[in-house]
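One-letter residues, chain by chain:
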Amino acid sequence: MTDHGGSAIPLTTQSLLDRLESTILTRTWVAGQRLPSERQLADDFGVSRPVVRESLRRLQERGLIVVHPGRGSFVTEINPTRGGASAEQLVHLGDVTFRHLIAARRMLESEAAAQAADHRTDADLVRMYEILDALDSVSIADNMEVCAGLDVAFHEAIAVASGNPVIQLMFGNIRRLVVGMVYRSMTDRALRQHGVPIHRHVLNAVKDRDATAARKAMADHLDLAWEQYGADLDRPVASVLDRRAEDLPELADLLRRVGRSLAEPR
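Rules used in this analysis
Residues numbered from 1 in each chain as written. Predicted model: local features only at pLDDT ≥ 70, side-chain atom pairs only at ≥ 80, totals over all residues. Heavy atoms only, no water. pLDDT = per-residue confidence, 0-100. Contact = heavy atoms within 4.5 Å. Helix = DSSP H or I, 4+ residues; strand = E, 2+ residues; numbered from the N terminus. Polar contact = N/O pair within 3.5 Å; in protein donor to acceptor, adjacent residues only side chain to side chain. Axes fitted to C-alpha atoms, helices over the stretch in contact; angles between N-to-C directions. Parallel < 35°, antiparallel > 145°, perpendicular 65-115°, else oblique. Left-handed = near helix turned anticlockwise from the far one by under 90°. Nonpolar A, V, L, I, M, F, W, Y, C, P; charged D, E, K, R; others polar. Core = buried A, V, L, I, M, F, W, Y, C linked by side-chain atoms within 4.5 Å. Buried < 20%, exposed > 50% of the residue type's maximum accessible area, 1.4 Å probe, protein only. 1 Å grid on protein atoms, 1.4 Å probe; cavity = no way out; pocket = protein on both sides within 12 Å on 5 of 7 lines; lining within 4 Å. Points joined across faces, edges and corners; volume = space filled by probe spheres on them. Salt bridge = Lys/Arg side-chain N within 4 Å of Asp/Glu carboxyl O. Bend = angle between axes of the 7 residues up to and from the residue. Phe/Tyr/Trp six-rings, centres within 6.5 Å; stacked < 30°, edge-to-face > 60°. Lys NZ or Arg CZ within 6 Å of the ring centre and 35° of its normal. Pairing = 2+ DSSP bridges.

Colleague: I'm lost on the confidence of the model for the protein in this one. Help?
Modeller: Any region with low pLDDT has predicted coordinates that should not be read closely. Scored by pLDDT, the protein comes out at a mean of 87, with 89% of its residues at no less than 70. Here residues 1-7 is a poorly scored stretch, pLDDT under 50, and it has nine contacts once near neighbours within four places are set aside; other chains count.

Colleague: Honestly, the side chain of R120 in this entry has me stumped. Any pointers?
Modeller: Structurally, the position occupied by R120 is in the loop between α5 (98-119) and α6 (122-137). At 3.3 Å, the side chain of R120 forms a polar contact with the backbone oxygen of V206. Here R120 is in contact with Q115, L125, A161, V206, K207 and R209, once residues within four sequence places are set aside.

Colleague: What is the right way to look at the packing of α5 against helix α8 (residues 165-186) in this model?
Modeller: Pairs of packed helices are described in terms of their axes, by the angle between the two and the distance that separates them. The N-to-C vectors of α5 and α8 enclose an angle of 125 degrees; their axes lie 10 Å apart at closest approach. Relative to α8, α5 is oriented oblique. Like other packed secondary-structure pairs, α5 and α8 cross with a definite hand, here left-handed. The residues of α8 that touch α5, namely those facing F98, L101, I102, R105, L108, E109, A112 and Q115, are I167, M170, F171, I174, L177, V178, G180, M181 and R184. Partitioned by chemical class, the residues of the contact of α5 with α8 number 12 nonpolar, two polar and three charged.

Colleague: What is the right way to read the nonpolar core from this model?
Modeller: Here is a general trend for soluble globular proteins: nonpolar side chains tend to be buried in one another's company. Core analysis: the biggest nonpolar cluster contains 64 residues, and M128, I158, Y183 and V202 have the highest contact counts within it. If you list the elements that add at least two residues to this core, you get α5, α6, α7 (144-161), α8, α10 (198-207), α11 (211-228), α12 (237-247) and α13 (252-261). Top element by residues in this core is α7. It accounts for 11 residues. Other than its neighbours up to four places away in sequence, I158 contacts A112, A113, A116, M128, V202, V206 and M218.

Colleague: For this particular structure, what's the right way to read empty space enclosed by the protein?
Modeller: Under the criterion given, the structure shown has one cavity of 30 Å³ or more. Within this model, the largest cavity holds a volume of roughly 170 Å³. Taken together, 15 residues line the largest cavity, and the ones lying closest to its centre are D151, V182, S185, G195 and H221. Only α7, α8, α9 (189-195) and α11 provide two or more residues apiece to the lining of the largest cavity. The class makeup of the residues in the lining of the largest cavity is eight nonpolar, four polar and three charged.

Colleague: Explain the pattern of salt bridges here, please?
Modeller: Pairing is possible between side chains that carry opposite charge, provided their charged atoms lie close to one another. Counting across every chain of the model gives 18 salt bridges. The salt bridge involving E38 is made with R49; its shortest N-O contact spans 3.5 Å. A residue pair is termed long-range when its members are at least 10 positions apart, and E38 in helix α2 (residues 38-45) and R49 in helix α3 (residues 49-61) qualify at 11 residues. Of the charged contacts in the structure, one is a salt bridge between R215 and E111, with a shortest N-O distance of 3.3 Å. Residue R215 is located in helix α11, and its partner E111 is located in helix α5; the two are separated by 104 residues in the primary sequence. Salt bridges sharing partners connect three or more residues here, namely E54, R57, R58 and E61.

Colleague: What should I look at first to understand α8 in this one?
Modeller: Of all bends in α8, the biggest is about 55 degrees, found at R175. Two or three places before V166, at the opening of α8, N164 has a side-chain oxygen 2.9 Å from that residue's backbone nitrogen.

Colleague: Explain the packing of aromatic side chains here, please?
Modeller: Each aromatic ring pair is characterised by the separation of its centres together with the angle its planes make. Tallying each qualifying case throughout the model produces one aromatic pair. One residue, R184, lies across the ring of Y229, its end atom 4.3 Å from the ring centre.

Colleague: Whenever I open this one, the pairing of strand β1 (residues 65-68) confuses me. Can you help?
Modeller: On a regular strand, one side chain projects to one face of the sheet and the next to the other, so that they alternate. The sheet contact formed by β1 and strand β2 (residues 72-75) spans four bridges and is antiparallel. Paired with V66 across the bridge in β2 is F74. The hairpin turn running from β1 into β2, its antiparallel successor, is three residues long, and G70 in that turn takes a positive phi close to 85 degrees.

Okay, structure coming up:
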């Protein structure tokens, strides 16, 4: 890299890490492939050996490579079931579509709503009513970002009210994907008009401790996206937001920013 005066600007550890991670996630380096040596990487990118070593350490922490002393560093097979991949990495690979996400959310959040009906506290109810009251008071046309944040906050509050730490953990792991889906839904007026009111049905069932009704209301809420997304169901999540940005120039910057954030490492 060079600055405007032509002198070399060395890559930082983060910059090198980003480049190496992108090379792996775009499958330029494939599973099982041996990475260039530390010396070769240092020469190729114009950085010191310690910078290379730290970048490789972080890649290993993220499950993208395995380091064998004396043999070198090798790209690992990304395996979600063994903790070898994050949601962000799968998004970067383009492996996550809205069909995948809706199916997973339906299983997770319908049960979360049922458990919330059984285990919610008065404080949980107060929190959920506050969120929906705030959502009702904000104009989506005037502040899409605030509305989307409140929508996600409601779904998060349901997971919290379930009292199940594993459900909470699972929701936390896909939270950024949920954000992306909320933006896709909220930029569709017909879907928004039908979907947002169902939040109240979920909450009323939770308040009444009716687990069956809560489970069904949440499933109905998520099924709307299944029925209305059309071709977007089978497109990678981030690419859908890019397409929405092209169709909605007034929201283009916001949608592109949200799309990019889906694949950013935590």
